[in-house]
Amino acid sequence: MSPLAAKKLTAAQLAFFADGFKACRTQKERFGYLRLFSPTARIHYPADANDLLSRISRRTNCLYNEYLIDSLSFFSSPELRALAERALESDEYGFFYLALLEKNYRTGDGERIEKRLRALKNKDELHTATRITRNIYKANTNADCLLPLRFIYETTPCSLCRSYVIKLMEKANVLPSDIKTEIPFDSLYKLKKDEQKGKNL
């Protein structure tokens, strides 16, 4: 089901799908439902978070868990905070677990998020981690964001991601002066400027 179609579902239809998820006997059966209840579709699982958490796989970093954690990122609870805490402290947990911080953030998490970001060596994983970190600080605007967002700004080759983290640092009033100086020379800024010139011709 496409995200657009998912958004048109009624409360009764969402409850029907939630019941279907709970009735599933295997991870393979549940996987399809998790694609519906995810940040990509922006559809909130309409029942209890424990329905999801109790069905987490023992294979810590499998794709099934990645989708399940995505679906749990809408929820706040002591259990989810505890799981996020373990992910902050241990590289044994994939970075995707930090999506739980979107609703379970605590002051001081920024330094540990940056540490987890620095440990990532795979370019694709770093790009996914960038999206997760942006979502965390979109939901939790505070000065804690400086360390992880500055790291992303300095390491990502994606000009769009740099644009997003600049806006987040501005919103939190922590945008460093050296980055302010660099902004006019960023490729995305220059591209927008050239586009604007074209429209004015």
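To be clear, the structure that these remarks concern was listed above.
Residues numbered from 1 in each chain as written. Predicted model: local features only at pLDDT ≥ 70, side-chain atom pairs only at ≥ 80, totals over all residues. Heavy atoms only, no water.

(A) Representation of the overall build of the chain within the structure. Looking only at helices and strands, one finds 13 helices and 0 strands in the chain. N-terminal to C-terminal, the α/β element order of the chain is α-α-α-α-α-α-α-α-α-α-α-α-α. Among the 201 residues that make up the chain, the fraction classed as buried is 46%. When contacts within the chain are restricted to residue pairs at least 6 apart in sequence, those whose partners lie at least 24 apart make up 62%. (Helix = DSSP H or I, 4+ residues; strand = E, 2+ residues; numbered from the N terminus. Buried < 20%, exposed > 50% of the residue type's maximum accessible area, 1.4 Å probe, protein only. Contact = heavy atoms within 4.5 Å.)

(B) Broad picture of helix H2 (residues 11–23). Compared with the 18 Å implied by 1.5 Å per residue over 13 residues, the 18 Å span of H2 between its first and last C-alpha is a close match. Taken together, the buried positions of H2 are Leu14, Ala18, Gly20 and Phe21. An end-on view of H2 places all buried positions within 155° of arc, on one side of the element. Exposed and facing more than 90 degrees away from the buried side of H2 are Ala12, Phe16 and Ala23. Taken together, the buried residues of H2 touch helix H3 (27–36) and helix H4 (49–53). (Expected span 1.5 Å × (residues − 1). Arc of directions from axis to C-beta.)

(C) Examining helix H6 (residues 78–89) more closely. Spanning 12 residues, H6 covers 17 Å between terminal C-alpha atoms, matching the ideal 16 Å at 1.5 Å per step. Taken together, the buried positions of H6 are Leu80, Arg81, Leu83, Ala84, Ala87 and Leu88. Axial view of H6: buried residues confined to an arc of 160°, hence all on one face. Residues of H6 that are exposed and point more than 90 degrees away from the buried face comprise Pro78 and Glu89.

(D) Up close: the packing of helix H9 (residues 123–139) against helix H10 (residues 146–155). In contact at an axis separation of 11 Å, H9 and H10 are set at 145° when each is read in the N-to-C sense. As for how H9 packs across H10, the hand of that crossing is left-handed. Residue-level contacts link Leu126, Thr130, Thr133 and Tyr137 of H9 to Pro148, Leu149, Phe151, Ile152 and Thr155 of H10. Here the contact of H9 with H10 is built from residues that sort into 6 nonpolar, 3 polar and no charged. (Axes fitted to C-alpha atoms, helices over the stretch in contact; angles between N-to-C directions. Left-handed = near helix turned anticlockwise from the far one by under 90°. Nonpolar A, V, L, I, M, F, W, Y, C, P; charged D, E, K, R; others polar.)

(E) Spatial organisation of unusual backbone geometry. Phi is positive for Asn173, which is not a glycine, with a value near 60°. Turning to its location among the elements, Asn173 is positioned in the loop between helix H11 (159–171) and helix H12 (177–182).

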